[in-house]
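# Structural features, examined
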Amino acid sequence: MAIENAPTEKGKDGARSLHKATRAEERKVEAEKGSDLAKGADRFEERSRSSDGKSAGEKQR
């Protein structure tokens, strides 16, 4: 959920906190890996393929 879409201030604070924690975790993983993580559709495909070796399209067939 986008921070702006949160209906309450408490929800907005929670979204900001989650976003900040996620960015920190991503930076940590990228540092350990030695390269950037894939973003967007590439990331989706990478995660899908790593789970069982098949792309998302192959799983739907």
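For the structure itself, consult the block above.
On a predicted model such as this, the values are computed, not experimentally measured, just so you know.

As a further point, take the side chain of Glu30. Along the chain, Glu30 falls in helix α1 (residues 9-33). Accessibility expressed as a relative area gives 15% for Glu30, which makes it buried. A polar contact of 3.0 Å, which involves the side chain of Glu30, links it to the side chain of Lys39. Excluding anything up to four places from it in sequence, Glu30 contacts Ser35, Asp36, Leu37 and Lys39.

Counted by the stated rule, this structure contains 4 salt bridges. Measuring nitrogen to oxygen at the nearest pair gives 2.9 Å for the salt bridge that ties Asp13 to Arg16. With Asp13 and Arg16 both in helix α1, this residue pair falls 3 residues apart, about one helical turn. Classification of Asp13 as partly exposed rests on a relative accessible area of 42%. What you see here is one network of salt bridges that share partners, running through Glu9, Asp13 and Arg16.

Conventions used here
Residues numbered from 1 in each chain as written. Predicted model: local features only at pLDDT ≥ 70, side-chain atom pairs only at ≥ 80, totals over all residues. Heavy atoms only, no water. Helix = DSSP H or I, 4+ residues; strand = E, 2+ residues; numbered from the N terminus. Buried < 20%, exposed > 50% of the residue type's maximum accessible area, 1.4 Å probe, protein only. Polar contact = N/O pair within 3.5 Å; in protein donor to acceptor, adjacent residues only side chain to side chain. Contact = heavy atoms within 4.5 Å. Salt bridge = Lys/Arg side-chain N within 4 Å of Asp/Glu carboxyl O.

Geometric descriptors of this kind do not, in isolation, establish any biological role.
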